[in-house]
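Here are the chains, one letter per residue:
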Amino acid sequence: MAEMSFWDHLEELRWCIFRMLIAVAVAFAGVFSVLPHIFDKWILGASKADFFAYKWIGVVMGEGADVPIININVASQFLTHMSVSLWLSLLLVFPFLLYQIWVFVRPALYENEIKGVRTAFAGSTVLFYMGCALTYVVIFPITFRFLTSYRLGSEITNTISLNSYMSIFLTMTFIMGVVFELPVLAWLLGRLGLVNKSTLRSWRRYAIVVLLMLAAVITPTGDPFTLMVVFLPLYLLYEFSILLVPREGGTDEPSTE
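**Student:** What is the right way to look at the overall build of the protein in this model?
**Tutor:** Scanning the protein from terminus to terminus reveals 11 helices and two strands. Listing each helix as α and each strand as β along the protein from the N terminus yields α-α-α-β-α-α-α-β-α-α-α-α-α. Among the 257 residues that make up the protein, the fraction classed as buried is 38%. Here the analysis covers contacts within the protein between residues at least 6 apart in sequence; of these, 80% occur between residues at least 24 apart.

**Student:** I would appreciate a short explanation of the pattern of salt bridges in the present structure.
**Tutor:** Should their charged atoms come close, side chains of opposite charge can pair. Summed over the entire model, instances satisfying the criterion amount to three salt bridges. A salt bridge links Arg14 to Glu11; its shortest N-O distance comes to 2.7 Å. Here Glu11 and Arg14 lie together in helix 1 (residues 6-43), a separation of three residues that amounts to about one turn. You can call Arg14 partly exposed: its relative accessible area is 46%. The partner of Glu239 in a salt bridge is Arg204, with the nearest N and O atoms 2.8 Å apart. In this pair, Glu239 is assigned in helix 11 (residues 224-244) and Arg204 in helix 10 (residues 204-218), connecting sequence segments 35 residues apart.

**Student:** What is the right way to look at a positive patch on the surface in this model?
**Tutor:** Judged by side-chain charge, Arg106, Lys115, Arg118 and Arg191 come together as a positively charged surface patch. With respect to the helices, strands and loops of the structure, Arg106 is situated in the loop between helix 5 (94-105) and helix 6 (111-149).

**Student:** Would you explain the nonpolar core in this entry?
**Tutor:** Soluble globular proteins tend to pack their nonpolar side chains together in the buried interior. Phe39, Tyr165, Met166, Phe169 and Leu234 are the most contacted members of the largest nonpolar core, which totals 54 residues. The element best represented in this core is helix 6, accounting for 12 residues. Every residue in contact with Tyr165, bar those within four places of it in the chain, is listed here: Ile43, Leu44, Gly45, Ala46, Ser47, Ile69, Phe140, Phe144 and Ile160. Ala23, Ala27, Val93 and Leu97 belong to the second largest nonpolar core, which has five residues in total.

**Student:** Looking at this model, I keep getting lost on the packing of aromatic side chains. Mind explaining?
**Tutor:** To describe a pair of aromatic rings, one takes the distance between the centres and the angle between the planes. Under the criterion given, the structure shown has 21 aromatic pairs. For the pair Phe51 and Tyr136, a centre-to-centre distance of 5.6 Å together with 85° between the ring planes defines the contact as edge-to-face. Taken together, the residues span a long stretch of sequence, with Phe51 in the loop between helix 1 and helix 2 (52-57) and Tyr136 in helix 6 at a distance of 85 residues. In this structure, Phe51 and Tyr136 share a single accessibility class: buried. Aromatic pair Phe128 and Phe174: ring centres 6.2 Å apart, planes at 50°, arrangement tilted. Taken as a pair, Phe128 in helix 6 and Phe174 in helix 7 (residues 162-179) lie far apart in primary sequence, 46 residues in all. Given the relative accessible area of 5%, Phe128 is considered buried. Given the relative accessible area of 16%, Phe174 is considered buried. Cluster of aromatic residues (ring-pair linked, three or more members): Trp42, Phe51, Phe52, Tyr54, Tyr136, Phe140, Phe144, Tyr165 and Phe169.

The rules behind these values
Residues numbered from 1 in each chain as written. Predicted model: local features only at pLDDT ≥ 70, side-chain atom pairs only at ≥ 80, totals over all residues. Heavy atoms only, no water. Helix = DSSP H or I, 4+ residues; strand = E, 2+ residues; numbered from the N terminus. Buried < 20%, exposed > 50% of the residue type's maximum accessible area, 1.4 Å probe, protein only. Contact = heavy atoms within 4.5 Å. Salt bridge = Lys/Arg side-chain N within 4 Å of Asp/Glu carboxyl O. Patch = residues over 30% accessible without salt bridge, like charges linked within 9 Å, V, L, I, M, F, W, Y side chains within 5 Å. Areas by Shrake-Rupley, 256 points an atom, 1.4 Å probe, with all protein chains shown as cover. Lys, Arg positive; Asp, Glu negative; His and termini not counted. Charge placed at Lys NZ, Arg CZ, Asp CG, Glu CD. Core = buried A, V, L, I, M, F, W, Y, C linked by side-chain atoms within 4.5 Å. Phe/Tyr/Trp six-rings, centres within 6.5 Å; stacked < 30°, edge-to-face > 60°.

In structure tokens:
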């Protein structure tokens, strides 16, 4: 393959971005048209007592009544329609976006690097969807039910706005999707020789503290049960990351265990 000039790379980048924008636009149009038909059942699912995920989580979580969601802003329903359509379209075309990035960076890689980067792209896609699915089915419903049932005083009634619900729902879902990329990041750092199994094992006690803090940020409920629901998958991801990185290479810090 002939070497590309700076302007050739710039032109390829332009077409790559153009294809990504077209994919997002097409997905956005499709999601926007069907969203009103799925919004109540799927997006607001956690506010319903008969939400299917509550049967998996436990009977206790599903015994409560429906939680009414109200709108207190004239433009909120339209803006929510737009924003949710955009986020869902990005979620749907995420593999295609990664593929376009792969197409752009592939010419700059050596043959022995192509297989590894291809594996990283595929793994990051699967893990991202796993993080989003775990949040939708387990983490967000538990967090939502806890927050809506919490009472600071007997005279205070919770009234949940549409903006409040969607802010927590979207934030938690995409943060967990990104956090689930930890094994891919560790694998790439291992391939670059920056970390190895001994390094990650020696950092385990510090990682536990960091992961607990991250879990507390993702689920601002304060109760130990919800905190552990988020922390345990993150900790398992860290242990899985140790299995992925090589034994040698990276820093030669002695283990403190």
